[in-house]
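Spelled out from the first residue to the last, the chains are:
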Amino acid sequence: MKTTWITIKVEDLYAYLVAAQVDILRKCALAKNQGDPVAEVIRDISLKVRAQIASNKKNALSQQPYAIPPELKSEACILILEVAQTRIPGLKLTVDQIRLADQARLQLQRVINGEMLISVPEDRLAGVQKSIEVVSYRLRVATDRYLKGF
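Residues numbered from 1 in each chain as written. Predicted model: local features only at pLDDT ≥ 70, side-chain atom pairs only at ≥ 80, totals over all residues. Heavy atoms only, no water.

### Focus on helix 5 (residues 95-112)
Working step 1: Relative to the 26 Å expected for 18 residues at 1.5 Å per residue, helix 5 spans 26 Å between its end C-alpha atoms, a close match to the ideal helical length.
Working step 2: Here the buried face of helix 5 lies against helix 3 (37-54) and helix 4 (73-85).
Working step 3: Where helix 5 ends, the next residue or the one after it, G114, has phi of about 80 degrees, a positive value. (Helix = DSSP H or I, 4+ residues; strand = E, 2+ residues; numbered from the N terminus. Expected span 1.5 Å × (residues − 1). Contact = heavy atoms within 4.5 Å.)

In structure tokens:
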């Protein structure tokens, strides 16, 4: 099944964390002229998810550099928030957030292991092909004549 992969946006995080908390992560403790750190975390985690997807040769990637399959959106958002919250020392993950992040990592491991199918991107990255391994052999019989001298 081919589908359009998605690129996570800051607005997608509002479904997983209170908007005010997301805004704090984006605007507090910034260096002079520093951009939105959450946008950078989104890119980093998206690249990590893509690398994990690509680690299984059966999976394909989208041509879009930060696009991920829609079925992994919640896992990516949860992991993004986990990393983003570490930049503000006073913010601590709740027990539920820790549990969700652990489940997200397990789900990604299932993708790596081929236990969870992901959608094939409509704009499949060229050069990434499914691998085919051809194995052939010639039958050899071990007889005294061939084993002489061993």
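So that's the structure; there's more coming.
### Re the packing of helix 4 against helix 5
Working step 1: In the contact formed by helix 4 and helix 5, the axes pass within 9 Å of each other and the chain directions differ by 130 degrees. By the angle class used here, helix 4 and helix 5 are oblique. In terms of crossing hand, the pair formed by helix 4 and helix 5 is left-handed. Each of E75, I78, L79, E82 and Q85 in helix 4 lies in contact with helix 5, whose residues at this interface are Q97, L100, A101, A104, R105, Q107 and L108.
Working step 2: Looking at the contact of helix 4 with helix 5 residue by residue, the class counts come to six nonpolar, three polar and three charged. (Axes fitted to C-alpha atoms, helices over the stretch in contact; angles between N-to-C directions. Parallel < 35°, antiparallel > 145°, perpendicular 65-115°, else oblique. Left-handed = near helix turned anticlockwise from the far one by under 90°. Nonpolar A, V, L, I, M, F, W, Y, C, P; charged D, E, K, R; others polar.)

### Structural notes on the pattern of salt bridges
Working step 1: Here the structure, examined in full by the defined rule, presents seven salt bridges.
Working step 2: Of the charged contacts in the structure, one is a salt bridge between D96 and R99, with a shortest N-O distance of 3.5 Å. In this pair, D96 and R99 both sit in helix 5, three residues apart, roughly one turn of the helix.
Working step 3: In this structure D96 comes out as partly exposed when scored by relative accessible area, which is 45%.
Working step 4: The salt bridge involving E115 is made with R110; its shortest N-O contact spans 4.0 Å. (Salt bridge = Lys/Arg side-chain N within 4 Å of Asp/Glu carboxyl O. Buried < 20%, exposed > 50% of the residue type's maximum accessible area, 1.4 Å probe, protein only.)

### Focus on the packing of helix 3 against helix 4
The relative placement of two packed helices comes down to the angle between their axes together with the axis-to-axis distance.
Working step 1: Contact geometry of helix 3 with helix 4 gives a least axis separation of 9 Å together with a crossing angle of 130 degrees. Comparing their axes, helix 4 and helix 3 come out oblique. For the pair helix 3 and helix 4, the crossing hand works out as right-handed. Contacts between helix 3 and helix 4 involve V38, V41, I42 and I45 from the former and A76, L79, I80, V83 and A84 from the latter.
Working step 2: A per-class count over the contact of helix 3 with helix 4 returns nine nonpolar, no polar and no charged.

### A look at the nonpolar core
Working step 1: Among the nonpolar cores identified, the biggest contains 31 residues, and L13, I53 and L72 are the most heavily contacted of them.
Working step 2: Elements with a minimum of two residues in this core: helix 1 (10-13), helix 2 (19-27), helix 3, helix 4 and helix 5.
Working step 3: Looking at which element gives the most residues to this core, the answer is helix 4, with seven residues.
Working step 4: When sequence neighbours within four positions are dropped, the list of residues in contact with L13 reads V22, V38, I42, C77, I80 and L81. (Core = buried A, V, L, I, M, F, W, Y, C linked by side-chain atoms within 4.5 Å.)

### Description of helix 3
Working step 1: Taking 1.5 Å per residue as the helical rise, helix 3 with its 18 residues ought to reach 26 Å, and the 26 Å between its terminal C-alpha atoms agrees with that figure.
Working step 2: Inspection of helix 3 places P37, V38, V41, I42, I45, S46, V49, R50 and I53 among the buried residues, and these make up the whole buried set.
Working step 3: On its buried side, helix 3 packs onto helix 1, helix 2, helix 4 and helix 5.

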